[in-house]
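Okay, here's what each chain looks like letter by letter:
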Amino acid sequence: QVQLVESGGGLVQAGGSLRLSCAGSGRTLGSVFMGWFRQAPGKEREFVAVISRSGSVTYSADSVKGRFTISRDNAKNTVYLQMNSLKPEDTAVYYCAADRAGGSSSYNQPQRYAYWGQGTQVTVSS
């Protein structure tokens, strides 16, 4: 069983920073990618960033490149998302996700990911 629990969300002003954490349990280390998606009210869930099992490969959405950094600490079974220079359009519920080895969909597609956390709210005010 894989369980993912996000934390670190909150309310910040534009230009501020937050660090999200995703603590995993179960067979999370067997995944190819773990990372983050977000969903704003009235919008579909969208890709934010993912990281490979070793941490050597990362992908991030164009909208967050240069501002968000994904990392992981396998000893702690935790994935992080450092969010800097936050913008109001970053406001969303952020979900941690983990795929299965040999996932058939692209890394940026939600349907690739078999396991999801409960989400943590990030609100960025002007």
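Look up: the structure comes first, before these words.
It should be emphasised that the depicted structure is a prediction, and the values quoted were computed from it without experimental measurement.

This part is about the overall build of the protein chain. Tallying secondary structure elements over the protein chain gives zero helices and 11 strands in all. In sequence order, the protein chain lays out its α and β elements as β-β-β-β-β-β-β-β-β-β-β. Against the 2.2 N^0.38 benchmark of 14 Å for 126 residues, the protein chain shows a C-alpha radius of gyration of 13 Å, consistent with a compact globule. The C-alpha extent of the protein chain, read off along each of the three principal axes, is 40 × 30 × 25 Å. Scored against the burial criterion, the 126 residues of the protein chain give a buried share of 43%. Counting contacts in the protein chain only where the partners sit at least 6 residues apart, residues at least 24 apart contribute 58% of the total. Counting every atom, the protein chain has about 6,300 Å² of accessible surface; 45% of that belongs to carbon and sulfur. Of the side-chain charges in the protein chain, 13 are positive and 8 negative, and the distance between the mean point of each set is 6 Å.

Where the residue is not glycine, phi is negative for most of them; where a peptide bond is considered, it is trans in most cases. With a phi angle near 55°, N77 is a residue other than glycine that sits in the positive phi range. Within the secondary structure layout, N77 lies in the loop between β7 (68–73) and β8 (78–83). A positive phi is found at S85, a non-glycine position, where the angle reads about 50°. Residue placement: S85 occurs in the loop between β8 and β9 (92–99).

The rules we used
- Residues numbered from 1 in each chain as written.
- Predicted model: local features only at pLDDT ≥ 70, side-chain atom pairs only at ≥ 80, totals over all residues.
- Heavy atoms only, no water.
- Helix = DSSP H or I, 4+ residues; strand = E, 2+ residues; numbered from the N terminus.
- Rg over C-alpha atoms; globule rule 2.2 N^0.38 Å.
- Buried < 20%, exposed > 50% of the residue type's maximum accessible area, 1.4 Å probe, protein only.
- Contact = heavy atoms within 4.5 Å.
- Areas by Shrake-Rupley, 256 points an atom, 1.4 Å probe, with all protein chains shown as cover.
- Lys, Arg positive; Asp, Glu negative; His and termini not counted.
- Charge placed at Lys NZ, Arg CZ, Asp CG, Glu CD.

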